[in-house]
Amino acid sequence: MPLTSAQIATFHREGWLFLPEVFGEEEVELLREEALSIYDEHRPEVWREKSGAPRTAFAAHTYNEAFRLLGAHPRLINPVEQIFGEHVYMHQYKINAKSAFTGEVWQWHQDYGTWKRDDGMPEPKAMNISVFLDEVMPINGPLLLVPRSQTAGDLKASHDTSTTSYPLWTLDEDTVTQLVEEGGIVAPIGRPGGVLLFHGNLVHGSAGNITPFPRKIVYLTLNAVSNYIRTPTRPEFIAHRDFAPIVPVDDDALMRLARSHRQAAE
Ligand SMILES: O=C(O)CCC(=O)C(=O)O
């Protein structure tokens, strides 16, 4: 279903949009199982917290069939192309684990801050569209968003290479305080299968997860083809160099794969 004009207006005003129940239980169940087996692999794309628990798995669309189909899924590609008005390619792909008890913080940041400084992306014409694989609750480290902060543009940031295992261009407390005074903080929560998209300059972060409930979210970072990165410094599996437009798969492709896995297991 295309986004309605009211949804597009909300996205442009607030900087984010949540779409519940975009993927069904069978589809999400397969993705959840595949994510767990990827986290068990020892490969350079799987980054770990200081505790050794998985933090994120990069580029799973290049080595896992279920995540390949998700990375080209029309329910994710079409809304972003609708907003940008042009074709998109995959700039980055992550399955963030936020593991039970050990999932660590993501400091306050804007995604475009890192894409610009580390990858040479010309404009904030890229965004994250994410899929909840577990229930995202107020207590298990949901994303915290500062509504309307995308209008502040690209903010001054410092490169934090020590707080977590993942280097990030982060914002200072005064800047975050001021933006929160203006826009508040929201924490989109919801059932597995929900989809959240947010502007590349929207200020966001998340707290650690000390609950027994994991909070896996897949993030597709889709970039407008004309906005391809010019001066990448990060490895290919973090900032992709294949700028070809994504060709969407059939809407039922992931469902069919889930059913074939289930039948093979019966
Ligand atoms: O998964 C999270 O909690 C935060 C992820 C994030 O902020 C990002 O990937 O830019």
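Higher on the page you've got the structure.
Thresholds, definitions, all that
Residues numbered from 1 in each chain as written. Predicted model: local features only at pLDDT ≥ 70, side-chain atom pairs only at ≥ 80, totals over all residues. Heavy atoms only, no water. Near = heavy atom within 4 Å. Polar contact = N/O pair within 3.5 Å; in protein donor to acceptor, adjacent residues only side chain to side chain. Areas by Shrake-Rupley, 256 points an atom, 1.4 Å probe, with all protein chains shown as cover. Helix = DSSP H or I, 4+ residues; strand = E, 2+ residues; numbered from the N terminus. Salt bridge = Lys/Arg side-chain N within 4 Å of Asp/Glu carboxyl O. Buried < 20%, exposed > 50% of the residue type's maximum accessible area, 1.4 Å probe, protein only. Pairing = 2+ DSSP bridges. Axes fitted to C-alpha atoms, helices over the stretch in contact; angles between N-to-C directions. Contact = heavy atoms within 4.5 Å.

1. What to know about the site of the ligand
Around the ligand sit Lys94, Asn96, Lys98, Trp106, His109, Asp111, Leu143, His204, Ser206, Arg215 and Tyr219, and that is every residue in its neighbourhood. Here an oxygen atom of the ligand and a side-chain polar atom of Ser206 are 2.6 Å apart. Interatomic distance of 2.8 Å between a side-chain N/O atom of Tyr219 and an oxygen atom of the ligand. For the ligand, whose accessible area on its own is 290 Å², the fraction buried by protein is 99%. Residue assignment for the shell around the ligand shows that the elements contributing at least two residues are strand S4 (88–96), strand S5 (106–109) and strand S11 (204–206).

2. Looking at the pattern of salt bridges
A side chain of one charge can pair with a side chain of the opposite charge when the charged atoms of the two come close. Evaluated as defined, the whole model comprises 22 salt bridges. Arg75 is the partner of Asp251 in a salt bridge, and the nearest nitrogen-oxygen pair spans 3.0 Å. In this pair, Asp251 is assigned in the loop between strand S12 (217–224) and helix H7 (253–265) and Arg75 in helix H4 (residues 74–84), connecting sequence segments 176 residues apart. Its relative accessible area of 39% is what places Asp251 among the partly exposed residues.

3. Here's the deal with the sheet that holds strand S1 (residues 16–19)
Read from one edge to the other, the open sheet built from seven strands follows the order S1-S10-S6-S12-S4-S3-S2, with strand pairing classed as antiparallel. The open sheet terminates on both sides in strands that have one partner only, identified here as S1 and strand S2 (46–48). Strand-to-strand twist of the sheet, defined as the mean angle between neighbouring strand axes without regard to direction, takes the value 20 degrees. Here strand S6 (residues 126–132) pairs with S12 via seven bridges, running antiparallel. The residue bridging Ile129 from the neighbouring strand is Leu220, located in S12. Of the strands in this sheet, S1, S6 and strand S10 (195–199) are in contact with helix H1 (residues 5–14), which crosses S1 at around 135 degrees. Sheet strands in contact with H4 are S4, S6, S10 and S12, and its direction is about 150 degrees off that of S6.

4. What to know about the pairing of strand S3 (residues 54–58)
Successive side chains on a regular strand alternate, one facing one side of the sheet and the next facing the other. Counting buried residues in S3 gives five out of five residues, a clear majority hidden from the surface. As defined by bridge partners, S2 adjoins S3 across three bridges and the pair is classed as antiparallel. Bridge pairing in S3 links Trp47 to Thr56. Counting the residues between successive antiparallel strands, the hairpin from S2 to S3 contains five residues, one of them, Gly52, with a positive phi of roughly 100 degrees.

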